[in-house]
Structure formats: structure tokens, C-alpha cells
Amino acid sequence: MANPKTNFAPAIQVFKPHRASLPPLIPYLKEFWRRRAFAIELSRFADKAEYLDSKLGKVWLVMNPLLLAFVYFLLVTVIRGGSTEKSGLSTLAHILIGLFTFYFASNSINGGALSITAGGRLILNQAFPRALLPLSSSISAFWQFLPTLPVYILVVVIGKLFFPHTQIPGLRLSYLWAPFIILCVGITGYGMGLLFATMNVYFRDTNKLLSYITRIWLYSSPVLWRPEILHGWHKIFLYINPLGPSLASTSDVWIEGRTPSLGMLVGSIVWAFLAVLIGGYFFISRERDFAVRI
Amino acid sequence: MPEELAIRIEDLSIKYKINIDTKKTLKNAVMRASKGEKVRTRIVEAVKHLTLDVPHGSVLGIVGANGAGKSTLMRAIAGILPPTEGQITVNGKISTLLALGVGFNPALSGRDNIILGGLASGMSRAEIEEKTEEIADFAALPDGFIDMPVRTYSSGMYGRVAFSVAVNMTPDILLLDEALSAGDASFKEKSFNRMRELCAEARTIVIVSHALQTVNDLCDSAIWMHKGNMLAKGKPEAIVDQYLKFLDVGTLPSNLEDM
Ligand SMILES: Nc1ncnc2c1ncn2[C@@H]1O[C@H](COP(=O)(O)OP(=O)(O)O)[C@@H](O)[C@H]1O
Ligand SMILES: [Mg+2]
């Protein structure tokens, strides 16, 4: 019966009442994977629509975290009572790369949280795995994050010209860890986006709450402070923070120029898994309810 | 499910739970919890114990007043709304064009929206790219509008694009909710022809329409829904007749009143 040319969803589908439990996962994930192009294009088109008339808007995406990083840098330096020429640049670099990475995660969480309630018409008119919408937000967050890396590199290169004695490494093998850590951050962000997207369907002020959470989260993450200042059992604060291990690893790779410790790498992976498992469970077990509640 | 059926609906009920007094916020939830109050909700039964078979290659029309549950039924067939009770079995690839229209992005061009709409309904990128031109041709918008932002479209043009996407996806089952009013006379004729083509290819169509003549012209059978119940099922002429009488008189025929 089905058109042989198309490879559409399983021919026979049965829709039944459900409790708050997971639908059959294998077909769900298959369908999710089959339709990944939709999430990718949705983020591309959302981006296109947003910056259709303003090329300047795109520049702002990079400028915003950059300026913020300078403000935090000034604050940190003032609080510390000035800095030596040698440590100044590395403090700035640490804040820069930490903030860019943190923003990648938080943009993906915030975008994901709104993606369901904002996608009302799409959700009421098409049947597809809803987890694609937060994924599309995460992909957008990634495309916003990517151009901040050359900005970071530019700042460091220029800085090294002026302060040749800085500790910031040049090209190192440790940089090869960066893609892996970015992947962990991305997955963690997506998982938490799923969690908050579900919450936002039931409580429409979740995204307001989220803005407070994000701020507290930033201050308790090793972005404005170095992970090295924690010793002994205080290190626990790095591990209980979903972004702690991956941000500490970021600092290791970019600022110290060394391979992150095994503990931090394992921590990054564990949090990425936990975030997708928990967020995915809440989201997927409730997503059939979304159309009724939107 | 028997081979020849495209859609089988068994004892389907769908209920909406509506929050009456407060907005759904965390703040309100905490306030209520601290006062020990419960949320006041009302249950709306949009579809009540409906059983229906739709064979492959047939065209089913659904008529009924506003709030009868027609759109709810269509969403359930599409797999968008889960049943509260009962079960729906669907055999084949579904394409929908429901009352609200697709989630078109008004800032993007018609062409971009065609691609997005195709992907949303499950086509692969290669499939939709191959079809974009065909769909754009079918919509036949006046000079160059297809590459203009959708926000500059008239509602007729908007409807044409949405309709073109839905019918050109070669669906096995096509669900149209009040979508046929799109466009002028010539486009209407074109869309009728396209739908007859789909029928000839043994595809199944379910139409919700207030244009009763359309139901008469296109459908093999029809049902009349009223307040969630299926009041009658049969030949379209007979159903449309009954429905028109009801509209005239304003009361249900006495043999149906107790439903
Ligand atoms: N999203 C919703 N939330 C709560 N109630 C709804 C929702 N959609 C529809 N209803 C209710 O369900 C009933 C049937 O609506 P609908 O299926 O849209 O009817 P029709 O398409 O026949 O006009 C109506 O009483 C309507 O108020
Ligand atoms: Mg309707």
C-alpha cells in the first residue's frame, strides 16, 4: 500500500490511551533519527528568519558574551585588588572560554525550555517525536557558540603579542580534547533543555525561574573562578554541578594546556548521560500530553 | 485489522481537562499548595464512544456544528491527540492539513516554508527538494510571490501553499480540516481534480467541511457529528440532508434526541 519510493513511518500505527509511561522506545528513537533533518533545518530556518534583515544581529551574538566577559574580568580583577601583568591575560582568557562554553549550555537549555510552548501550531498540526524541537534549539545554540571560538583564539593571539610571558599555551595536543568536552556540554544542555521544556508545559513561568537558576549556576561554576581554588572535599562542588566537570575540563584544556584529569572526564560523561536519561524520561513519557495542554 | 481498512476507530473517547480559575504557573501552584486548595478543572468530552471504519481508497466527509468534535477526531487520527479511551489503528502514511494551518514561519519565503512543511510531515530532505518545484507550481502563486515572505501573502495564497504541500506528499491517508475553502474558483477546481487523482490511486481522504456541496461532490460516505457523538452515518446526500434539516429546524430529529 505504502508508496515504495518513500521510507515513511511504520505502515500500521496504533494509537491507544497511555499512562505517564514511556512509549515503545525503539520505534520512537528510530523515528527521531529518521527525522533529524527536520531539527537541523528548523534551526537553520529559524536563524535565517531572525537575521533576515539584520546582519548586525549576528555580530551581536558574539559581541554580547564578549562584552560580558570583559565586564566580569574587570569585576574579578577589582575584587582581587588588581592583577599582575602575567596573570591578567590568563584570567581574561579563562573567563572568556568559560563564559562562551557556559552560554552554549544555557542557550540550549533556555531555547529548549521554550521550544514546546512556542511551537504550538506545529504541535497541534503534525505528529512527530517532540524531542526534535529542543534538539533544534540545541543545534541553534551550537551555531551561536561556534563563531565565539575564533574570537577567543583572536583575543589570546593578540594578548600573547603584548604579554609574551603569559602562561596560556600555544598549540597543544591537549586541544584535541576540546571537541569531546564541547560534545559533553552540548548533550548535557540538550538533556536539561528536555527537562525544562516539559516543566514549562505544566508551569508557564518556568522560564522566569530558569533565568534565576542560570545566574546562580554561573556563579557556582568554575567560570569566574579557577577550578584550582577548590581543594580536598571542596572539590565536591565541581562534581555536583552538571556543568562543573566539563567547565573544569575546558579550563584545563584551553588555559592550562593539559589533558583533563580522569575524574573530570568521567564526570563530564556521567552528567551528559544523566541529563539525557532524566530529561529524556520526563519529556518522552509526557510528550503525548503536550498537544492537549498547549 | 482487516487488509482493506485504512482507518479503524474503536470506541474512541477523547476528553480535555481544562483548568478553570488560575493560570498554570509555578507560583500559583505553590500558593495553592500552601493554602491546601485544589485546582478546579472541568472535563470536556469532545468525542464520545465513536466507532468507525474507513476503507482504503474511500473519501469520508464529516459534517457538524462548531464544537462537535470534528477537529479533535482528525487530530486523534493523525496521532497528535492521544485517545482517552478506545483505540485507533491507521494503516498508511498520513498527511494532514488541519484547521490552524501548518506552523508556517511568516518571515520566510513560501519556498522555504514548503521545505519546512515537508520536513515537518516526515519527508526526507531529498524527497522534499525533489518536490519543491512541483508544489510551488501547483500553488501557482502570482508573479514571484513564492520567493516573498509569507507575511506578505493574502489568506487565499497562504491556503494555496498549505494545500499544495499536503496533497503533493503522496500520502496514503489525507486529512483535510476546513481546508478546501482556500483559493478562488480555478484553484478549487484544481484541488478537486488533485483529490480525485488521489482517490483513483486508492488513497484515503477524510474531509471536514462546512461547504456541504463539496461533501456531496467528493465523498463516498459521510458522518454527522454533534456534541461528540456520531449521530448518523451513510451516503453523503442523506447525511447532508439530515444535517440541513437540523440546521433549519434547530432541533435534533426525535429519533436521535436521546443521544
Ligand atoms: N485544546 C483544547 N482544550 C480544551 N478544550 C478543547 C480544546 N480543543 C477543543 N476543545 C473542546 O472540544 C470540543 C470540540 O472541539 P473541536 O474538536 O475543535 O470541534 P469542531 O472542530 O467540530 O468545531 C469543544 O467543546 C471545544 O471547546
Ligand atoms: Mg474544527
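Data block above holds the structure.
Residues numbered from 1 in each chain as written. Chains lettered and ligands numbered in written order. Predicted model: local features only at pLDDT ≥ 70, side-chain atom pairs only at ≥ 80, totals over all residues. Heavy atoms only, no water.

Thoughts on the overall build of chain A
Looking only at helices and strands, chain A has 12 helices and 1 strand in total. Ordering the α and β elements of chain A from the N terminus gives β-α-α-α-α-α-α-α-α-α-α-α-α. Rg of the C-alpha trace for chain A: 21 Å, near the compact-globule value of 19 Å for 294 residues, within the 12% margin. By its C-alpha atoms, chain A is 70 × 50 × 40 Å across when sized along the principal axes. Going through the 294 residues of chain A one by one, you find that 50% of them count as buried. Sequence separation of at least 24 residues holds for 80% of the intrachain contacts in chain A that already meet a minimum separation of 6. Approximately 14,500 Å² of chain A is accessible, and the part contributed by carbon and sulfur atoms is 71%. Here chain A holds 26 positive side-chain charges and 12 negative ones, and the gap between their average locations is 6 Å. (Helix = DSSP H or I, 4+ residues; strand = E, 2+ residues; numbered from the N terminus. Rg over C-alpha atoms; globule rule 2.2 N^0.38 Å. Buried < 20%, exposed > 50% of the residue type's maximum accessible area, 1.4 Å probe, protein only. Contact = heavy atoms within 4.5 Å. Areas by Shrake-Rupley, 256 points an atom, 1.4 Å probe, with all protein chains shown as cover. Lys, Arg positive; Asp, Glu negative; His and termini not counted. Charge placed at Lys NZ, Arg CZ, Asp CG, Glu CD.)

Observations concerning the sheet that holds strand β3 (residues 59–64) of chain B
Neighbouring strands of a sheet are bound in pairs by backbone hydrogen bonds; such pairs are parallel or else antiparallel. All names here are of chain B. Taking strand neighbours across the sheet as the criterion, the 6 strands line up as β5-β6-β7-β3-β8-β9 in an open arrangement whose pairing is mixed. The open sheet has two edge strands with one neighbour each: β5 (94–97) and β9 (229–234). Across the sheet, the mean angle from the axis of one strand to that of its neighbour is 15 degrees, orientation sign disregarded. Most of the contacts of helix α6 (residues 185–200) go to strand β7 (residues 204–208), to which it runs at about 140 degrees, and overall it touches β3, β6 (173–177) and β7. With respect to the sheet, helix α8 (residues 236–249) is in contact with β3, β8 (221–226) and β9, its orientation differing from that of β8 by roughly 25 degrees. (Pairing = 2+ DSSP bridges. Axes fitted to C-alpha atoms, helices over the stretch in contact; angles between N-to-C directions.)

What to know about the sheet that holds strand β1 (residues 12–15) of chain A
Taken together, the 4 strands give an open sheet; going across it, the order is β1(A)-β4(B)-β1(B)-β2(B), and neighbouring strands pair in antiparallel fashion. For this open sheet the edge positions go to β1 of chain A together with β2 (41–55) of chain B, each flanked by a neighbour on one side alone. Direction aside, neighbouring strands of the sheet carry axes that sit 20 degrees apart on average. In this sheet, strand β4 (residues 85–91) of chain B lies alongside β1 of chain A in antiparallel orientation, the contact comprising 4 bridges. What sits directly across from Gln-13 of chain A, in β4 of chain B, is Val-90 of chain B.

Here's the deal with the nonpolar core
Counting 77 residues, the largest nonpolar core has Phe-283 of chain A together with Ile-7, Ile-9, Ile-62 and Leu-73 of chain B as the members making the most contacts within it. Sort the elements by how many residues they give to this core and helix α2 (residues 36–50) of chain A lands first, with 6 residues. Setting aside its immediate chain neighbours within four residues, Phe-283 of chain A contacts Tyr-28, Ile-116, Arg-130, Ala-131, Pro-134, Leu-194, Ala-197, Thr-198 and Phe-290 of chain A. Within the second largest apolar cluster, 45 residues are counted, among which are Phe-100, Ala-113, Trp-217 and Leu-243 of chain A. (Core = buried A, V, L, I, M, F, W, Y, C linked by side-chain atoms within 4.5 Å.)

Some points on α8 of chain B
Residues and elements named next belong to chain B. Compared with the 20 Å implied by 1.5 Å per residue over 14 residues, the 20 Å span of α8 between its first and last C-alpha is a close match. Among the residues of α8, those classed as buried are Pro-236, Ile-239, Val-240, Tyr-243 and Phe-246. Each buried residue of α8 sits inside an arc of 120 degrees when the element is viewed along its axis, so together they form one side. Across α8 from its buried face, at more than 90 degrees, point the exposed residues Lys-245, Asp-248 and Val-249. Looking at the buried residues of α8, the elements they touch are β3, α7 (212–218), β8 and β9. (Expected span 1.5 Å × (residues − 1). Arc of directions from axis to C-beta.)

Let's talk about the pattern of salt bridges
Residue and element names in this part refer to chain B. Tallying each qualifying case throughout the model produces 16 salt bridges over all chains. Across the pair Glu-85 and Lys-15 runs a salt bridge, and its minimum N-O distance is 3.6 Å. Of the two residues, Glu-85 sits in strand β4 while Lys-15 sits in strand β1 (residues 5–19), which places them 70 residues apart along the sequence. Looking at Glu-85, the relative accessible area reads 31%, which means it is partly exposed. A salt bridge links Glu-197 to Arg-194; the nearest nitrogen and oxygen atoms lie 3.0 Å apart. Linking Glu-197 with Arg-194, this pair stays in helix α6, spanning 3 residues, or about one helical turn. (Salt bridge = Lys/Arg side-chain N within 4 Å of Asp/Glu carboxyl O.)

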